[in-house]
Structure formats: C-alpha cells, structure tokens
Amino acid sequence: MQVTETVAEGLKHEFQISVPAADLDAKADARLVELKDKVRLNGFRPGKVPVSHLKKVYGRSVMAETIDQTIRDTNSQLFTDRGFRLATEPKITMPTEGKEVEELLSGKSDLTYTVAIEVVPAIALADFKSFKVEKPVAEVTDVEVEDAVKRIADQNKTFAAKGDGAKAENGDRVTVSFKGTIEGVAFEGGTAENIPVTIGSNTFIPGFEEQLVGIAPGETRVLKVTFPASYGNTELAGKPAEFETTASLIEAPQEPVIDDEFAKTLGLDSLDKLKDAARERITAEFAGATRQRVKRILLDRLDETHRFEAPPSLVDQEFELMWNSIKSEMESSGKTFADEDTTEEAAKEEYRKIADRRVRLGLVLSEIGEKNKITVTDDEVGRAVIERARQMPGREKEVWDFYRNNANALAQLRAPIYEDKVVDFILELANVTEKKVSREELYKDDEAEKSAA
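Residues numbered from 1 in each chain as written. Predicted model: local features only at pLDDT ≥ 70, side-chain atom pairs only at ≥ 80, totals over all residues. Heavy atoms only, no water.

### What about the overall build of the protein?
Heads up, the rule is: Per the convention used, a helix needs a DSSP run of H or I reaching at least four residues, while a strand needs a run of E reaching at least two, with both numbered from the N terminus. C-alpha atoms define the radius of gyration in this analysis, and the globule rule sets the expected value at 2.2 Å times the number of residues to the power 0.38. The classification of residues rests on relative accessible area computed with a 1.4 Å probe and restricted to protein chains. Under 20% of the type maximum is buried, over 50% is exposed, and intermediate values are partly exposed. What makes two residues a contact is simply this: any of their non-hydrogen atoms within 4.5 Å. His is not counted, nor are the chain ends; Lys and Arg add positive charge and Asp and Glu add negative charge. For charged residues, the charge sits on one atom: NZ in Lys, CZ in Arg, CG in Asp, CD in Glu.
Counting its secondary structure elements, the protein contains 13 helices and 11 strands. Taking 2.2 N^0.38 as the reference for a compact globule, 453 residues should give roughly 22 Å; the C-alpha atoms of the protein span a radius of gyration of 34 Å, well beyond that estimate. Dimensions along the principal axes, computed over C-alpha positions, put the protein at roughly 105 × 65 × 50 Å. The buried share of the protein, reckoned over its 453 residues, is 34%. Counting contacts in the protein only where the partners sit at least 6 residues apart, residues at least 24 apart contribute 70% of the total. Averaging the positions of the 64 positive and the 86 negative side-chain charges in the protein gives two centres separated by 6 Å.

In structure tokens, the structure reads:
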C-alpha cells in the first residue's frame, strides 16, 4: 500500500492511496473461502462448491465488499497513525469511469482513491487552578418577598359586577361574544360566546382590548383590528379583520386582601407559608441567575485562554444553523436589518464570530471531558426526559415515546448535561469568590451576555 499526502493546508489534509490489486484479490479470495461453507448452489453438496466457481458467481459483489472494507480499514489506520481527530466525515473520491470500475471489480487494477479530511487541532488545556471567578450572589430581601406576594395577589384578584349604567374602563373585565370577519367573510376560530377579556392585559389581538373601553352591558360594537404579521395562523397573519362584539357583563377588579384566608385559597396554611414559598421561589431564581452568570464568566475565560483555529466546516455548519434561525425569526416578525440598526453583511460577520466561538468552546469542553473521563449516565438523561414530560401535563407518554425513539433528541438532552458537568469540574479547581450584589446587578446585561454565550 502506498500513501501520499497531496494537501496539507492548516486543518485540511488530502491523501492519495493506492492498494495493489494482488492485495485486494487475496482478501477477496479469503472472503470467498469463508462463504464456501455457507452458500447453497444447485448441483453442489454443502461445503463442496469450488472457490473458482464461487468467484465466477459472487466475485464482483465480494470484490465490491472487499474494496469498501479496505477503504474503511486503511483510512482508520491512517488517521490513527497520524493522530488525527476528524472534524467531519472524510470525503472519498473513487474512480468513476466505466472501464476503470470494471477493471477494479474484476481484480485487474490497483485500487487508487483520494481521501480529503478536516481535523480537530491539538488543544493545550489551560491550568484551571489559575482561573479566578467572581460569583455574584444576591440575597432575597423582605421587600422582594412582599412584592412577589403582591404580584401573586394581582394574578389571582377577583372581579365584581359594576352597578347599573357602568361602562368599561382600563383594568375591567368584560364578558363578550363576538363574530370575526375578513372582507365580510367569517373565518375559522373567529367566533366565540361569553369570553372574559381584561382590558389592558394585552392577551388579545393588538387594538381589540382598547376598543372595549367605554362599552356598556348589552352594547354592540364593531372592533377593527389587524392580525400581527407574526400571527401563528399564516392564513390570518397581517390581514385586517372586523369583530362584531357584544358585551354582556362589566366587572371591576377588587383590591385583594392579603391575609391568611387569601393564602388558603392558594392551598397554603397561612400568609407566612405563602411568604416562605415566595422566598423559596425567588431564592431559586437568584441561584439560577447566579449559575448562568458564573457559567458565562467561565466560558469567557475559556475563550480567552484557548485560541486556536476552529475547523472551518464546523464553523460553517454552526453559522448556517444560526443564520437560518435569525432569518426565519426576522421574516416572521416582519423586521429588517435596518430596524436593528445594522446591515446584513455586518450581522453575518457578527454571527460568524459567535459561531467560531461556539465551535471552539464546544471542542474545549469536549477535550476537558475526555481527558478527565467526564460522562453522562443513562439515569441522568432519563431524569431529564422525565422533567420534560412533567412540563407537558397529559402528554407524558407522548414525550417519553418521542425521546425513546429519537436518538438525536436524546443527544440534545445529553449535551447540556455534559456541558454543566464539565463546568462544575472546572469550578471545583478554579478560585471562586463570592460578591454580594443587588437583584438589579445580578440581572444586569443578562440578555446581552446570553447572545454571546
């Protein structure tokens, strides 16, 4: 066998490989000998079929299998000997001319092919004990607990019917029946009876709630609205519509009384228990925010200390996924790059930088995990599936079956678990110090940091 490297440009390599016909023929003959005791041919007793006859019958197919296996074995040995870790699947170029293929399958010519690859660069890991990570920690104050309880009360406030002659105001709840039409034609889902609408809640189509201000019980109005361009039903998106709407009841919100009785309506024993529950929830939210901030700080540190060329094909793949998502989102929202105060070219450049960062960080995290034998167990993945199922009450079996029958979906669950375990490993080695911060500081620039993570 002869191997000649024809291209060595950065992470890209190409080799021309030649395997003598005699070697292929010997392998094919060995395979035919294996088949001798397995095949059944008319006119021959089991195990007595001459190899020469088998070669006439199965020679071409066996040679094709031999060539395929030889290429796999040769490539594997080549990559192992040179210490290559492939970034993508190798690209193999074989003879395509009819005469060349025929001579190859008949064992009359050598196997000559090229294999082009892109490799993962060698990654020298940093000393994680030298990392200094400042962990922002926010304490839950009594004021924040009181505000949270008030928000809960507002979300569970009651309404009482207004007196005779009353008209709807902002914040009131109006019970309405309506029939929607587009260009005079009723559309599916546009008709409803006795639907409660809270003016100012922004839960209906933009403009619908505002036009209910001043309406009285028994009054009918025609509300003119336009469905948003991003509306879920594409047949209605962006179209103007009219809703003939009749109000049957006007109710005003009642000032909630926050006491033990209110807590009991939520299934808790007392107001103190409600406050404890609110404090626990805020504490969990702060812990989650702290975790995300620390993780992003650590990823920034990994980015700074591991500078190397990312495999271009992986960067291209990551960029395409991001860019397609961005384009789809902009199209559904009707926004343009000008609306975002940028240009398409500038946006592409920025997202390509993010793609490069993501690929490099992914390779670094993978390298850390491999060298330190960090793995994700089936039980950990199983718990993640159960958590997803819990988020969809009534559809638990559907969720479970989806992940059980979808290897890619399971891999998507496994990836963040693996990443978090690697992050925890680094944090155990790093010098982590806590810094007391306010709620505002904890959540400062949160969205901006997320986009770069």
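After presenting the structure, the write-up continues.
### Some thoughts on a negative patch on the surface
Where we set the bar: A patch is a set of surface residues, each over 30% in relative accessible area and not in a salt bridge, joined within 9 Å for like charges and within 5 Å for the nonpolar side chains Val, Leu, Ile, Met, Phe, Trp and Tyr. Per-residue and other accessible areas follow the Shrake-Rupley method at a 1.4 Å probe size, with only the shown protein chains counted as cover for residues. Here a salt bridge means any side-chain nitrogen of Lys or Arg lying within 4 Å of a carboxyl oxygen belonging to Asp or Glu.
Taken together, the side chains of Asp-260, Asp-272, Asp-276 and Glu-280 define an acidic patch exposed on the protein surface. Among the elements that make up the negative patch, the one with the highest residue count is helix α6 (residues 271-305) (3 residues). By the element assignment, Asp-260 lies in helix α5 (residues 260-265). Since its relative accessible area comes to 38%, Asp-260 is described here as partly exposed.

### Observations concerning the packing of aromatic side chains
We apply this condition: Two aromatic rings from Phe, Tyr or Trp, using only the six-membered ring of Trp, form a pair when their centres are within 6.5 Å; if the ring planes differ by under 30 degrees the pair is stacked, by over 60 it is edge-to-face, and anything between is tilted. Two thresholds decide whether a charge sits over a ring: the Lys NZ or Arg CZ must be within 6 Å of the ring centre and within 35 degrees of the ring normal.
In this structure the tally under the stated criterion is 15 aromatic pairs. For the pair Trp-323 and Tyr-351, a centre-to-centre distance of 6.2 Å together with 65° between the ring planes defines the contact as edge-to-face. In this pair, Trp-323 is assigned in helix α7 (residues 312-333) and Tyr-351 in helix α8 (residues 344-371), connecting sequence segments 28 residues apart. Accessibility expressed as a relative area gives 7% for Trp-323, which makes it buried. Using a relative accessible area of 25% as the deciding quantity, one classes Tyr-351 as partly exposed. An aromatic cluster of at least three residues, connected via ring pairs, comprises Phe-178, Phe-187, Phe-204, Phe-208, Phe-227, Tyr-231 and Phe-243. The cationic tip of Arg-301 hangs over the ring face of Phe-131; the distance from NZ or CZ to the ring centre is 4.6 Å. Note that Arg-352 overlies the ring of Phe-319, its terminal NZ or CZ placed 4.3 Å from the centroid.

### Here we look at the sheet that holds strand β3 (residues 91-93)
Going by this rule: We call two strands paired when DSSP finds no fewer than two bridges between them. Angular values range over 0 to 180 degrees, each being the angle between N-to-C directions of two axes fitted as lines to C-alpha atoms, with helices fitted over their stretch in contact.
Spatial ordering of the open sheet is given by β1-β2-β4-β3, a layout of 4 strands whose pairing is antiparallel. The open sheet has two edge strands, β1 (2-9) and β3, and neither has a second partner. Across the sheet, the mean angle separating the axes of adjacent strands is 20° when strand polarity is ignored. Alignment of β3 against strand β4 (residues 111-118), held across 3 bridges, turns out to be antiparallel. Across the sheet, the residue bridging to Lys-91 is Ala-116, located in β4.

### Regarding the pattern of salt bridges
Counted according to the given criterion, the structure contains 36 salt bridges. Residue Arg-60 is joined to Glu-102 by a salt bridge in which the shortest nitrogen-to-oxygen separation is 2.8 Å. A residue pair is termed long-range when its members are at least 10 positions apart, and Arg-60 in helix α2 (residues 51-81) and Glu-102 in helix α3 (residues 98-105) qualify at 42 residues. The partner of Asp-68 in a salt bridge is Arg-72, and the shortest N-O contact between them spans 2.2 Å.

### Concerning the pairing of strand β10 (residues 240-253)
As paired elements, strand β6 (residues 159-161) and β10 share 3 bridges and run antiparallel to each other. Paired with Phe-159 across the strands is Pro-253, a residue of β10. Direction of pairing for strand β7 (residues 173-182) relative to β10: antiparallel, over a ladder of 9 bridges. Bridge pairing in β10 places Arg-173 opposite Glu-251. Examined bridge by bridge, strand β9 (residues 220-226) and β10 share 7 bridges and lie antiparallel to one another. Looking at β10, one finds that Thr-226 is bridged to Pro-240.

### Brief notes about the environment of Val-145
By the secondary structure assignment, Val-145 is in helix α4 (residues 142-155). In this structure Val-145 comes out as buried when scored by relative accessible area, which is 3%. It is 7.8 Å that separates the C-alpha atoms of Val-145 and Ile-282, two residues lying 137 residues apart in sequence. Once you skip the residues sitting within four places of it in the chain, Val-145 turns out to touch Val-140, Lys-275, Ala-278, Arg-279 and Ile-282.

### What about the nonpolar core?
Our working rule: Within this scheme, the nonpolar core is defined by two criteria: the residues are buried Ala, Val, Leu, Ile, Met, Phe, Trp, Tyr or Cys, and they are joined through side-chain atoms within 4.5 Å.
Phe-131, Leu-298, Leu-302, Ile-368, Val-422 and Ile-426 are the most contacted members of the largest nonpolar core, which totals 46 residues. With 9 residues, the top contributor of residues to this core is α8. In contact with Ile-368, other than residues within four places in its own chain, are Leu-125, Phe-128, Leu-302, Ile-374, Val-422, Phe-425 and Ile-426. Residues Phe-15, Met-63, Leu-104 and Val-115 belong to the second largest nonpolar core, which totals 23 residues.

### Quick notes on unusual backbone geometry
Phi at Asp-341 takes a positive value of approximately 60°, unusual for a residue other than glycine. For Lys-373, which is not a glycine, the phi torsion comes out positive at approximately 55°. Summarising the element assignment, Lys-373 is placed in the loop between α8 and α9 (378-390).

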